[in-house]
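# Understanding the architecture of this molecule
What follows is each chain in one-letter form.
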Amino acid sequence: GYQTKLSDGSTYGEAALIPTYLYSDVVKKLQASNLDIHYLSNITGHGWRKIMRANRSFTYRLHTITPVPPIFDFIAEQTSNNESDMYSNYNMGAGYAVFLPAEQAKKAQKIIEKAGLKSWLAGSVDKGPKQVIIEPKNIIYSEESLAVRE
């Protein structure tokens, strides 16, 4: 139940009540800083697959992933979901993705951190089929994985 202890000592109920951060303020700051933002994506509903919702075919290659909050380990355990299921349906601790030229990443990170958020240089966008590759987990989501499942 909600009083179940998680690995960090908090309860499932406490973790479930952590407010969702709304990224509109930090996005406005990024846009106002004259960065060449190519694409933005929140990582909710469809999890990390949502990254490939852009209208163009690219391979989104992630070499660095965010630390996973303990609530997701608990959810995986209770639902018998494997890592591929979890990353395809949950944000796993990542809230938003900003796509811009590599040489502008450090500037964007400074703006994001000044707003009180953590950020990671997560990967690259390559020419190729529309897919998300989470290298540390050996997970690949193809474009077809975005289709509504019955």
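A brief structural summary. (Residues numbered from 1 in each chain as written. Predicted model: local features only at pLDDT ≥ 70, side-chain atom pairs only at ≥ 80, totals over all residues. Heavy atoms only, no water.)

## Some points on the sheet that holds strand β6 (residues 139–142)
Sheet architecture is open: 4 strands sit in the order β4-β2-β5-β6, paired in mixed fashion. Bordering the open sheet on either side are β4 (123–127) and β6, each of which pairs with just one other strand. Taken over all neighbouring pairs, the strand axes of this sheet differ in orientation by 15° on average, direction set aside. In the sheet, strand β2 (residues 58–62) pairs with β4 via 5 bridges, with the strands oriented antiparallel. In the strand pairing of β4, Tyr60 is matched with Val125. (Pairing = 2+ DSSP bridges. Helix = DSSP H or I, 4+ residues; strand = E, 2+ residues; numbered from the N terminus. Axes fitted to C-alpha atoms, helices over the stretch in contact; angles between N-to-C directions.)

## A look at the environment of Ile43
Turning to its location among the elements, Ile43 is positioned in the loop between β1 (39–42) and β2. Each C-alpha atom of the pair Ile43 and Phe99 lies 13 Å from the other, and the pair is 56 residues apart in sequence.

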